[in-house]
Amino acid sequence: MIVPSLEWLLPEPVLAPPAFVGFGTPVATLLARRGFRTDDQLQRFLQAGAGALHDLSRMADADQALDRIGVALQAGERIAIWGDYDADGMTAIVVWVTALRRVGADPIRYVPSRLSEGYGLSEPGLRDLASRGVTLVITCDCGVSNVAEVDLAREIGLDVVITDHHLPGAVLPRASAVVDPHRPDCAYPDPDLTGAGLSYKLAAALLERHGVAADGLAAVAAIGTVADLAPMTGESRAIVRLGLEELATTKHAGLRALLSRGCDVPSQPTARDLAFGVVPRVNAAGRIADAELAITLMLEEDPIRAEQLAVELEAVHERRRELTKEAVDAARLLVAGERGSGPLLVRDDAWAPGLVGLVAGRLADSLARPVAAATLVGDEVRGSVRAPTDFHVAAALDACAALLTKRGGHAAAGGFSLLPRSWADFSAAFAALPRPFPADVAAEAERPGRVVVDLVLPARHLDWALADELARLAPYGPGHVEPVLAVTGMVLSEARRVGATEQHVALRMRRGLETFDAIAFGLDAERPLPEPGDEVDLVGTLERDDFAGMPRLRLRVVDFAHRLSSPLMARRLPPVLARAG
């Protein structure tokens, strides 16, 4: 008898969910669990778009930033956009370059070398820009912690406008403007904008001042917003919804080339497509090649050149996947046998520095523990941290600040640098941090081997009406995750291993006289499969799929169990009473 491989965290029953117009009982139950009580409240959430964007004048220094950029445009100053080599930073650069070109400027774009400069402003880069006649530098997704570098910029004749979303230190840089929603004196109602999202708000406001449309900017900002794991509950949700609408109809050659490779249906992109198809390709350039490749592609308007760049980027993406697998496999060996739930550290000086964030993320996801991954770059150790929601990464790095030469980040992710001689002390200090951290972040630390179930329902509810209702709740992401369903009442017709190395399992299920397909990706080769005729409960997400040109529904399975060994057994009611819950 097949038992679950994961612990199913089942929701509390909702006996009388509110009635929501256009939604049946199953989704109404889900909405009630997510805190919705009235149709008005739900409609504001569902219709988040341009009308949900906040007044930018409430953002500290936003007007000063726009004023200084306006002066530069009027005077014909040379402007440079300084970004970062991750998808959030790269898309923020593209937003600014696109907007400034529309008002007649031709900005220089500058992405620091991951190897020789690292994250944020650097003296060599600033001196290079000054030598090229630049008088104004606009940062995006960086700069708020570069106090010394901004002072240097002033000395060599550079004004700096900082746009960043990372946590500032005790002292702000002496820039022309410091636009960061995390400033303690900032009254902006939504601090969760990403670098690309903040750039979108500012660039759109700049274009409005000049009477120029901001069409297409949200499409790029949405990619960066999804990449940086912004909550899909506030203004970032509105930006992603606007962006997906723009991407669906875009005629921009570079974006179309990206979508054709990263989306299941390029004319109907989803947040999932961005997260798992588009963002990894954009990030690949900055991780193991040159960020300029992805930036140039996203700016390219010629279809032939865009296709050439996309082919080049695809090769980089495939190489990044190979290197990532090697690095993650090595990291798993380093932590094998590490017990407990506290923070982990892994270091391998053979890793490419652009891969340490992926290593940390993969381990953090699979182990449900905070993970710092690092490698030696020149004469310093550089690393990235990823963590579950009960561990605030930026606060953790602040707690270890005395041992670091550079740090930055937000709640879910961050980066750091330190001298090799400080590695042992940093390792000890980071590993000793408690969970949750800080103590008020969460009531309980996450644990591995669990799946949170959002909705328990009989198989008869799996239909196109349910799929349409769930699609209306998109985009999904942090804070509003794609619903995980626990489904009862399925009988197995066939189970077969598929994929080049048979790492996936295709399931053909029956519910009464109907058949229903399911797929389990990355299933453990040792996991036994059910036999035809077995009654099986499934846990997974409902997705639309095209098979041989025909649309179909299928369940993307994360776990399964025989009916009698299923955690749903206690919930099972006589058939005449069965209902969604």
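Refer to the structure presented above.
Given the structure is predicted, the values throughout are model-derived calculations rather than measurements.

Novice: Tell me about the nonpolar core, and name the residues and values.
Specialist: Taken as a class, soluble globular proteins show a tendency for nonpolar side chains to be buried jointly. Counting 80 residues, the largest nonpolar core has M59, I81, W96, L100 and I138 as the members making the most contacts within it. Broken down by element, the residue count for this core peaks at 10 residues, all from helix 4 (residues 87-102). For L100, the contacting residues outside a window of four places in its chain are I69, L73, I79, I81, A105, P107, I138 and L206. In this structure, F45, L466, M509 and A518 belong to the second largest nonpolar core, which totals 38 residues.

Novice: Pulling in residues and values, what's your account of the sheet that holds strand 10 (residues 406-409)?
Specialist: Strand order across the open sheet formed by 5 strands is 7-8-9-11-10, with mixed pairing between neighbours. Edge strands, defined here as strands with exactly one partner in the open sheet, are strand 7 (344-347) and strand 10. On average, adjacent strands in this sheet sit at an angle of 15° to one another, irrespective of strand direction. Of the strand pairs in this sheet, strand 9 (residues 380-386) and strand 11 (residues 413-418) are connected by 6 bridges, and their pairing is antiparallel. Bridged to R386 within strand 11 is A413. Each of strand 7, strand 8 (371-377), strand 9 and strand 11 touches helix 16 (residues 423-431); the most contacted strand, strand 7, lies at about 150° to it.

Novice: Requested: an account of the pattern of salt bridges, with residues and values cited.
Specialist: Applying the stated criterion to the full structure yields 33 salt bridges. The partner of R109 in a salt bridge is E292, and the shortest N-O contact between them spans 2.7 Å. Of the two residues, R109 sits in strand 3 (residues 108-110) while E292 sits in helix 12 (residues 291-299), which places them 183 residues apart along the sequence. For R109, a relative accessible area of 24% translates into the label partly exposed. Between E307 and R261 there is a salt bridge, and its shortest N-O distance comes to 2.4 Å. Taken as a pair, E307 in helix 13 (residues 303-335) and R261 in helix 10 (residues 253-262) lie far apart in primary sequence, 46 residues in all.

Novice: Kindly report on the packing of helix 4 against helix 12, identifying the contributing residues and their values.
Specialist: The contact between helix 4 and helix 12 brings their axes to 10 Å, and the two run at 45°. Compared by their axis directions, helix 4 and helix 12 come out oblique. Crossing handedness for the pair helix 4 and helix 12: right-handed. Of the residues in helix 12, those touching helix 4 at M90, T91, I93, V94, V97, T98 and R101 are A291, A294, I295, M298 and L299.

Novice: Describe in detail the packing of helix 1 (residues 25-33) against helix 17 (residues 464-472), supporting the description with residues and values.
Specialist: Orientation of helix 1 relative to helix 17, taken along the N-to-C sense of each, is 30°, at an axis distance of 10 Å. As summarised for this structure, helix 1 and helix 17 are arranged roughly parallel, according to the angle between their axes. Judged by the twist between their axes, the crossing of helix 1 over helix 17 is right-handed. On helix 17, the residues that touch P26, V27 and L30 of helix 1 are L466, E469 and L470. The class makeup of the residues in the contact of helix 1 with helix 17 is 5 nonpolar, no polar and 1 charged.

Novice: Can you break down unusual backbone geometry residue by residue, with the values?
Specialist: The linkage connecting F437 with the following residue, P438, adopts the cis geometry, with an omega of -15°. Within the fold, P438 resides in the loop between helix 16 and strand 12 (450-452). Residues A474 and P475 are joined by a peptide bond in cis, for which omega reads 10°. Here D61, not a glycine, exhibits a phi torsion of approximately 70°, which is positive. One non-glycine residue, A368, adopts positive backbone phi at about 55°. Mapped onto the secondary structure, A368 falls in the loop between helix 14 (356-367) and strand 8. Classification of A368 by relative accessible area gives buried; the value is 8%.

Novice: Can you explain the environment of V134? Please cite residues and give values.
Specialist: Residue placement: V134 occurs in strand 4 (residues 134-140). Separated by 27 residues in the primary sequence, V134 and P107 have C-alpha atoms spaced 9.2 Å apart. Not counting residues up to four positions away in its chain, the partners in contact with V134 are R78, I79, A80, I108, L129 and L158.

Novice: Tell me about the sheet that holds strand 2 (residues 78-82), and please be specific about residues and values.
Specialist: Strands pair in a sheet through their backbones, by hydrogen bonds, and they do so in one of two ways: parallel or antiparallel. Spatially, the 5 strands line up as an open sheet ordered 3-2-4-5-6, and their pairing is parallel. Two strands in the sheet have a free side with no partner beyond their single neighbour: strand 3 and strand 6 (177-179). In this sheet, neighbouring strand axes are inclined to one another by 20° on average, regardless of whether the strands run parallel or antiparallel. Alignment of strand 4 against strand 5 (residues 159-163), held across 5 bridges, turns out to be parallel. Counted as the bridge partner of L136 is D159 from strand 5.

About the cut-offs
Residues numbered from 1 in each chain as written. Predicted model: local features only at pLDDT ≥ 70, side-chain atom pairs only at ≥ 80, totals over all residues. Heavy atoms only, no water. Core = buried A, V, L, I, M, F, W, Y, C linked by side-chain atoms within 4.5 Å. Buried < 20%, exposed > 50% of the residue type's maximum accessible area, 1.4 Å probe, protein only. Helix = DSSP H or I, 4+ residues; strand = E, 2+ residues; numbered from the N terminus. Contact = heavy atoms within 4.5 Å. Pairing = 2+ DSSP bridges. Axes fitted to C-alpha atoms, helices over the stretch in contact; angles between N-to-C directions. Salt bridge = Lys/Arg side-chain N within 4 Å of Asp/Glu carboxyl O. Parallel < 35°, antiparallel > 145°, perpendicular 65-115°, else oblique. Left-handed = near helix turned anticlockwise from the far one by under 90°. Nonpolar A, V, L, I, M, F, W, Y, C, P; charged D, E, K, R; others polar.

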